Amino acid sequence: MSKRLCRKPHVGMTRMILAGVYAAMMGMAGAGTALPDPLTALDGTKIGNPAQWREKRRPELLELLTKQMYGRSPARPEKMKIEVFDRDPHALGDKATRIQMALYPNGDPKGPRMDLLVYVPNQAKGPVPAILALNFWGNQAIHTDPGIRITESWVEEKTSYVNLSAVKDHRALEGSRGINAKQWPVERILERGYALATMYREDIAPDHEPYFASGAQSLYPELQQGDDNFGTIAAWAWGLSRAMDALEKEPAIDAKRVGVLGWSRLGKAALWAGANDERFAAVYSHESGAGGAKLFHRGVGENIERLNRVFPHWFARSFRQYVGKDTELPFDQHLVMALVAPRPLYVASAIEDKNADPEGEFAGAKAAEPVFKLLGAGGLPAETWPAVGQPVLDGIIGYHVRPGGHDLTDHDWEQYLAFSDRQLKAR
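Model, not experiment: these values are computed from the prediction.

Draft legend 1. Up close: the pattern of salt bridges. Inspection of every chain in the model, using the stated rule, returns 37 salt bridges. For Arg149, the salt bridge is made with Asp115, and the minimal N-O distance between the two is 3.0 Å. Separated by 34 residues along the polypeptide, Arg149 in the loop between strand E4 (128-135) and strand E5 (167-168) and Asp115 in strand E3 (residues 114-121) bring together distant segments of the chain. Ionic contacts of the salt-bridge type, sharing partners, join the residues Arg76, Arg242, Asp245, Glu248, Asp277 and Arg279 into one network.

Here you go:
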């Protein structure tokens, strides 16, 4: 661990600094009740040192968010089987080694299967840092590489990304190869010295009715009984941790330098995965919006009512008690991001992505800052919402807002790679 993370400032001075940061941040939060203080425990105890955070506040926040929002996830499966079914050192014109693994959570090849696709740059001298992210339309959708196994899971049809040659009867066809490649600059990521790993969301848990009937959730019917049921965002996060289990066994990957990234609903999952699983060395939230990085307390953008009405499977049933009470929540998303501390966190927005409340995403990241500072990691070096196209890359918390709408672009990836160069490669 770097000296930066081990620094021990004077406790009294630390409390004064954090109080000032939090007071300034409260104005940014917007309307509603006071934003819950990440450094005040449920019993009123003021958290003033790293030991109190680690032993008291962090565990109670994980339990609070599990019980009231995301739902309870199963432990790491003891019987999970990992089968490497493809290793091609000549992929992408000899630029990469393509590795494909089948993950069977219950150890049964006839049970649910999650396919993990990994590209490792061939120019690497040793184990490399990696970026892990879920995808929306199957592993084969991120690149035209004919060696990628086409998903056998359900694929949505009503989207601009697919056509009759790509999907039929919710099954991916050969024409689906590369349909989402514009969001995945695979070669560029490899050139920068990073491995890329990805897994299809539907391999892990269904995002369509019947909810909870297949994938990992079908293995744990008991976790659907209570109000803190195993929701789909939590399932995707759990799947990311299972992918991490597999990456830890791959010699070409430096498992101590794996960042987890997600766009939109998968950004919500990436944040929750990073909050729970401290093996992830960095967390990247891309336009994750409501239930991701934005603050509900602001009362701006997508709200809890819409989340529960349109996507009733994403969160636990207990979260429905807060419909119409966005600005009164006893928690908010800055607490999720605080659970990432002291590891690097990057939050990104798009100025036209009004549903995700770009300013609210920045405010959420800024509101998590006191915990990062308490742990000696630094913070988000911007006191006000940055201008469009002006990324903030030089803190342990990074942020940018770009022109345009809800998308994952080359510009976004360039900021992530630049941030990663500082935070992952520098280790």
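Draft legend 2. Highlighting the sheet that holds strand E8 (residues 253-263). Across the sheet, nine strands lie side by side as E1-E2-E3-E7-E4-E8-E9-E10-E11; this open sheet has mixed pairing. What marks the edges here is a single partner per strand, and that holds for strand E1 (81-90) and strand E11 (397-402). On average, each strand axis in the sheet is tilted by 15 degrees relative to the strand beside it, whichever way the strands run. Helix-sheet contacts for helix H7 (residues 232-248) involve E1, strand E2 (96-104), E3, E4, strand E7 (195-200) and E8, and the interaxial angle to E8 is about 155 degrees.

Draft legend 3. Geometry of the packing of aromatic side chains. Applying the stated criterion to the full structure yields 20 aromatic pairs. An angle of 65 degrees between the planes, with centres 5.3 Å apart, marks the rings of Phe136 and Trp263 as edge-to-face. Taken together, the residues span a long stretch of sequence, with Phe136 in the loop between E4 and E5 and Trp263 in strand E8 at a distance of 127 residues. The residues Phe136 and Trp263 share a single accessibility class, namely buried. Members of the aromatic cluster, joined through ring pairs, are Tyr70, Trp272, Phe296, Phe315, Phe319, Tyr322 and Phe331. Directly above the aromatic system of Phe85 lies the positively charged group of Arg149, at a separation of 3.8 Å from the ring centroid. A cation over a ring is seen here: Arg242 above Trp238, with NZ or CZ 5.2 Å from the ring centre.

Draft legend 4. View of the nonpolar core. Trp53 and Leu116 are the most contacted members of the largest nonpolar core, which has 132 residues in total. Broken down by element, this core gets its largest block of residues, eleven residues, from H7. Those residues in contact with Leu116 that lie beyond four places of it in its chain are Ile99, Gln100, Met101, Leu103, Leu132, Asn139, Ala197, Thr198, Met199, Ala243, Ala246 and Leu247.

Draft legend 5. Quick look at the pairing of E2. With nine of nine residues buried, E2 is to be regarded as a mostly interior element. Burial of the side chains of E2 extends over both faces: Ala96, Arg98, Gln100, Ala102 and Tyr104 are buried on one face and Thr97, Ile99, Met101 and Leu103 on the other. Note: E1 against E2, seven bridges, orientation antiparallel. Its bridge partner lying in E2, Lys81 is registered against Tyr104.

Draft legend 6. Examining unusual backbone geometry more closely. Omega for the bond connecting Glu209 with Pro210 falls within 30 degrees of zero, at 0 degrees, which places this linkage in the cis form. Of note, Pro210 is situated in the loop between helix H6 (201-204) and H7. Note the cis peptide between Ala341 and Pro342, where omega equals 5 degrees. Its place among the elements puts Pro342 in the loop between helix H10 (333-338) and strand E10 (345-350).

Draft legend 7. Structural context of the pairing of E11. With six of six residues buried, E11 lies mostly within the body of the structure. Burial along E11 is two-sided: the face carrying Ile397, Tyr399 and Val401 and the face carrying Gly398, His400 and Arg402 are both buried. As paired elements, E10 and E11 share six bridges and run parallel to each other. Bridge pairing links Tyr346 to Gly398 in E11. Since E10 and E11 lie parallel, the crossover through helix H11 (residues 358-374) that links them has a hand, and here it is right-handed.

Draft legend 8. Geometry of H7. Here H7 contains 17 residues, and its C-alpha end-to-end distance of 24 Å stays within 8% of the 24 Å for a straight helix at 1.5 Å per residue. In terms of residue burial, H7 counts as a mostly covered element, since 16 of its 17 residues are buried.

Draft legend 9. Seen up close, the layout of surface pockets. Empty space within the second largest pocket amounts to approximately 420 Å³. Lining the second largest pocket we find 21 residues, and of these Trp263, Ser264, Arg265, Phe311 and His406 sit closest to its centre. The class makeup of the residues in the lining of the second largest pocket is eight nonpolar, five polar and eight charged.

The rules we used
Residues numbered from 1 in each chain as written. Predicted model: local features only at pLDDT ≥ 70, side-chain atom pairs only at ≥ 80, totals over all residues. Heavy atoms only, no water. Salt bridge = Lys/Arg side-chain N within 4 Å of Asp/Glu carboxyl O. Helix = DSSP H or I, 4+ residues; strand = E, 2+ residues; numbered from the N terminus. Pairing = 2+ DSSP bridges. Axes fitted to C-alpha atoms, helices over the stretch in contact; angles between N-to-C directions. Contact = heavy atoms within 4.5 Å. Phe/Tyr/Trp six-rings, centres within 6.5 Å; stacked < 30°, edge-to-face > 60°. Buried < 20%, exposed > 50% of the residue type's maximum accessible area, 1.4 Å probe, protein only. Lys NZ or Arg CZ within 6 Å of the ring centre and 35° of its normal. Core = buried A, V, L, I, M, F, W, Y, C linked by side-chain atoms within 4.5 Å. Right-handed = clockwise from strand over helix to strand, strands pointing away. Expected span 1.5 Å × (residues − 1). 1 Å grid on protein atoms, 1.4 Å probe; cavity = no way out; pocket = protein on both sides within 12 Å on 5 of 7 lines; lining within 4 Å. Points joined across faces, edges and corners; volume = space filled by probe spheres on them. Nonpolar A, V, L, I, M, F, W, Y, C, P; charged D, E, K, R; others polar.

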